[in-house]
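Geometric and topological summary
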Amino acid sequence: MHLIMFDLDGTLVDSTAIDSGCYLQALVDVFEFDLDRIDRDWANYPHITDAGILQALCQSELGRDPHPTEVRHYQQRFLELLKVAITNRPLQQILGASEILDRLNTEPNYAIALATGAWRQTAQFKLDQTNLDGIISPTACCDDAHARVKIMQCAYHRSISSYQQLQFERVTYVGDGVWDGIAARNLDYHFVGIGTGDRATDLLATGAQCVFPDYRDIPEIMSGLAGST
């Protein structure tokens with residue numbers, strides 16, 4: 001059985017711009033960080049996940065890890081800001097996302113899972129808002145681990161249990177970030193990218209077997225996933 005593991009933001013949901021803006025504003029609201037001091041190039045952080053970036057910023061700005069109560073307060077504020085932001089710009093699926101997930105769910109040789117660097121409650125909110133809730137499971141989020149590699153490993157083990165497999169013959173990770181490709185390579189997973197323009201070029205350079213702008217061409221996507229061997 002071939003496990004197809006998906007990222008969320010920018011891969012299944014067109015949420016990257018809204019997500020980043022709310023994430024940064026929550027840093028100001030909860031920790032009173034100076035945004036001018038914050039590196040907004042997420043690729044420069046050790047772990048490009050919501051929890052990993054917050055930990056790195058607290059270490060650099062406060063000299064310590066965030067307390068669990070601070071993390072909960074931050075998560076709550078982040079979600080509040082997301083709810084406000086989508087009143088002006090509703091979240092949308094990446095085109096064809098639900099269709100490709102539905103198609104994979106009908107294929108007996110495929111299993112699907114979600115491995116996202118988002119927190120569980122914000123990930124669930126995005127899935128609910130884009131009608132993807134219930135289509136993809138099992139899931140692993142940054143509540144499970146700060147490092148993307150460990151999140152992906154967690155999703156793998158949950159998929160083993162969910163699909164009642166001893167192991168998967170192949171694993172392909174689908175993502176939109178260079179860090180997704182790096183994590184896939186570190187785990188010896190195959191990698192398929194979602195992106196256009198310079199992003200697509202960067203994903204191919206990271207090792208993506210193929211890159212698609214979205215999921216509208218289902219036969220082409222299925223062919224690409226089957227060829228990620």
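My aim in this report is to walk through the structure given alongside it, one point at a time. (Residues numbered from 1 in each chain as written. Predicted model: local features only at pLDDT ≥ 70, side-chain atom pairs only at ≥ 80, totals over all residues. Heavy atoms only, no water.)

Another aspect to go through is the overall build of the protein chain. A tally of helices and strands in the protein chain yields nine helices and six strands. In terms of overall dimensions, the protein chain is globule-like: its C-alpha atoms have a radius of gyration of 17 Å, near the 17 Å expected for 229 residues. On the principal axes, the C-alpha backbone points of the protein chain span a range of 50 × 35 × 35 Å. Among the 229 residues that make up the protein chain, the fraction classed as buried is 54%. Considering only contacts in the protein chain between residues 6 or more positions apart, those separated by 24 or more positions represent 68%. Per element, the accessible surface of the protein chain, about 10600 Å² overall, is 46% carbon and sulfur. Computing the positive centroid from 17 side-chain charges and the negative centroid from 31, the protein chain places the two 3 Å apart. (Helix = DSSP H or I, 4+ residues; strand = E, 2+ residues; numbered from the N terminus. Rg over C-alpha atoms; globule rule 2.2 N^0.38 Å. Buried < 20%, exposed > 50% of the residue type's maximum accessible area, 1.4 Å probe, protein only. Contact = heavy atoms within 4.5 Å. Areas by Shrake-Rupley, 256 points an atom, 1.4 Å probe, with all protein chains shown as cover. Lys, Arg positive; Asp, Glu negative; His and termini not counted. Charge placed at Lys NZ, Arg CZ, Asp CG, Glu CD.)

As a packed pair, helix α1 (residues 16–31) and helix α3 (residues 68–88) sit with axes 8 Å apart at the nearest point and diverge in direction by 135 degrees. Between α1 and α3, the interaxial angle falls into the category oblique. The crossing of α1 and α3 is right-handed. Along its contact with α1, which presents I18, D19, C22, Y23, Q25, A26, L27, D29, V30 and F31, the element α3 presents E70, H73, Y74, R77, F78, L81, L82 and A85. (Axes fitted to C-alpha atoms, helices over the stretch in contact; angles between N-to-C directions. Parallel < 35°, antiparallel > 145°, perpendicular 65-115°, else oblique. Left-handed = near helix turned anticlockwise from the far one by under 90°.)

This part takes up the packing of α3 against helix α5 (residues 120–129). Where α3 meets α5, the closest approach of the two axes is 10 Å, and the angle between their N-to-C directions is 20 degrees. In terms of their interaxial angle, α3 and α5 are classed as roughly parallel. Like other packed secondary-structure pairs, α3 and α5 cross with a definite hand, here right-handed. Side by side, α3 and α5 meet where Q75, Q76, F78, L79, L82, K83 and I86 of the first sit next to Q121, T122, F125, K126 and Q129 of the second. Taken together, the residues of the contact of α3 with α5 break down into five nonpolar, five polar and two charged. (Nonpolar A, V, L, I, M, F, W, Y, C, P; charged D, E, K, R; others polar.)

This paragraph deals with the pairing of strand β4 (residues 170–175). Among the six residues that make up β4, five are buried, leaving the element largely enclosed by the rest of the structure. Pairing geometry for strand β1 (residues 2–6) and β4, over five bridges, is parallel. The partner of F6 across the bridge, within β4, is V174. Once you follow β4 into helix α7 (residues 178–186) and on to strand β5 (residues 190–194), the crossover reads as right-handed. (Pairing = 2+ DSSP bridges. Right-handed = clockwise from strand over helix to strand, strands pointing away.)

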